[in-house]
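# Structural description and commentary
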Amino acid sequence: MEKIKEKINNINMTWKKVIIFAIIIGIYTGIVMLLPFLNKTSFQDIGISYEMWVLFAVIIVVNCKNGIDAMIKCFVFFLISQPIIYIVEILFGNLSFEMGLYYYKSIWLPVTFLTLPGGVIAYYCKKQNVLGSIILGLGNTILSILGFCYVINVITEYPYHLLSAVFCFSTIFLISNCIQEKKKNKIIACIIPFVLLIVGIVIVKEMGLYFVSNVF
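In this report, we go over the structure that sits alongside the text. (Residues numbered from 1 in each chain as written. Predicted model: local features only at pLDDT ≥ 70, side-chain atom pairs only at ≥ 80, totals over all residues. Heavy atoms only, no water.)

## A closer look at the packing of helix H2 (residues 15-34) against helix H4 (residues 67-92)
Selection rule: Here, axes are lines fitted to C-alpha atoms. For helices the fit covers the stretch in contact, and angles between N-to-C directions go from 0 to 180 degrees. By the criteria applied, helices consist of DSSP H or I runs no shorter than four residues and strands consist of E runs no shorter than two, each listed in order from the N terminus. For classification, angles of less than 35 degrees are called roughly parallel, those exceeding 145 degrees roughly antiparallel, those between 65 and 115 degrees roughly perpendicular, and all remaining angles oblique. Take the far helix as the reference: if the near one is turned anticlockwise from it by less than a right angle, the crossing is left-handed, and if turned clockwise, right-handed. Classification used: nonpolar for Ala, Val, Leu, Ile, Met, Phe, Trp, Tyr, Cys and Pro, charged for Asp, Glu, Lys and Arg, polar for all others including Gly.
In contact at an axis separation of 7 Å, H2 and H4 are set at 30° when each is read in the N-to-C sense. Overall, the two elements H2 and H4 adopt an arrangement that is roughly parallel. Here the hand of the crossing between H2 and H4 comes out right-handed. Each residue belonging to the contact of H2 with H4 can be placed in one class, and the counts come to 18 nonpolar, four polar and two charged.

See below:
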């Protein structure tokens, strides 16, 4: 854990590294989405869902110099990586330009712009205080919600997305322990996403949402 912690928190996040990281991840994701034997597996979830991108964003922002630096670098990372995914799929797959543009504009472009305020806020998750742990916990909530959705997939279509479910919940504990130093703050960062997840499930179930009521 200490070696992982050191690697996550001690990256000199230069512009060169951000751009190279974005290009490599974009190309990798595009290629993975083209491989038919990976259909409906956890390996293609990187091109469909957000959990891996949450981890990438956290790694970038915690290694930036300040909130503005984190905001701009996180934004540029998504601004470069996401179009590359669709370019790869259009050039080497069956995705048409029109559909690629539609998916990008409707799904990933809004997420990209959300990184502007998100990057600034996320930067402060590395502050070694209660506020920092709360911010980290709120970020972890994205992972807990996605993990819950994957658990439902595993239950209904076992073993599809099992690795993604494990990834989401294990990443919560990983980044909480790697970013926060104090035990109290680590606990807060880990508890918040599960408390909010439970509250969300209760609210949704009370509203009578079909899949939650039938799975649980």
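There is more to say after this.
## Topic: the nonpolar core
Convention followed: Buried Ala, Val, Leu, Ile, Met, Phe, Trp, Tyr and Cys residues form a nonpolar core when they are joined through side-chain atoms within 4.5 Å. Burial here depends on accessible area, computed with a 1.4 Å probe over protein chains only, as a share of the maximum for the residue type. Under 20% is buried, over 50% is exposed, and the range in between is partly exposed. It only takes one pair of heavy atoms within 4.5 Å for two residues to be counted as in contact.
The biggest cluster of nonpolar side chains holds 35 residues, and the ones touching the most others in it are Trp-53, Phe-77, Phe-78, Trp-108 and Ile-179. With nine residues, the top contributor of residues to this core is helix H3 (residues 51-61). Once residues lying within four places of it in the same chain are set aside, the contact partners of Trp-108 are Gly-47, Ile-48, Ser-49, Tyr-50, Trp-53, Phe-78, Gln-82, Tyr-86 and Tyr-103.

## Here we look at the pattern of salt bridges
Any two side chains of opposite charge can pair, given that their charged atoms come close. Heads up, the rule is: Here a salt bridge means any side-chain nitrogen of Lys or Arg lying within 4 Å of a carboxyl oxygen belonging to Asp or Glu.
Scanning the model with the defined rule gives two salt bridges in all. Linking Glu-157 and Lys-40 is a salt bridge whose minimum nitrogen-to-oxygen distance equals 3.0 Å. With Glu-157 in helix H6 (residues 130-157) and Lys-40 in the loop between H2 and H3, this residue pair connects regions lying 117 residues apart in the sequence. With a relative accessible area of 45%, Lys-40 lands in the partly exposed category. Where Asp-69 meets Lys-73, a salt bridge forms, and the shortest distance between an N and an O atom there is 3.3 Å. With Asp-69 and Lys-73 both in helix H4 and four residues apart, the pair spans about one turn of that helix. Here the two residues Asp-69 and Lys-73 agree in accessibility, since each one is buried.

## Some points on the packing of aromatic side chains
Where we set the bar: For Phe, Tyr and Trp, rings pair up if their centres lie within 6.5 Å, where Trp contributes its six-membered ring, and each pair is then called stacked (planes under 30 degrees apart), edge-to-face (over 60) or tilted (otherwise). Charges are assigned to positions over rings by a cutoff of 6 Å between ring centre and Lys NZ or Arg CZ, combined with an angular limit of 35 degrees from the ring normal.
Evaluation of the coordinates by the stated rule reveals 15 aromatic pairs. Ring plane angle 75° and centroid distance 6.2 Å describe the contact between Phe-56 and Phe-77, whose orientation is recorded as edge-to-face. One end of the pair, Phe-56, is in helix H3; the other, Phe-77, is in helix H4, with 21 residues separating them in the sequence. Judged by relative accessible area, Phe-77 falls into the buried class, the value being 0%. Between Phe-169 and Phe-194, the ring centres sit 5.9 Å apart and the planes meet at 20°, which makes this aromatic pair stacked. Taken together, the positions of Phe-169 in helix H7 (residues 162-179) and Phe-194 in helix H8 (residues 183-206) put the pair 25 residues apart, joining distant regions of the chain. Site record: aromatic cluster; members linked through ring pairs are Phe-21, Tyr-50, Trp-53, Phe-56, Phe-77, Phe-78 and Trp-108. The aromatic ring of Tyr-160 is capped on one face by Lys-40, whose charged end is 4.8 Å from the ring centroid.

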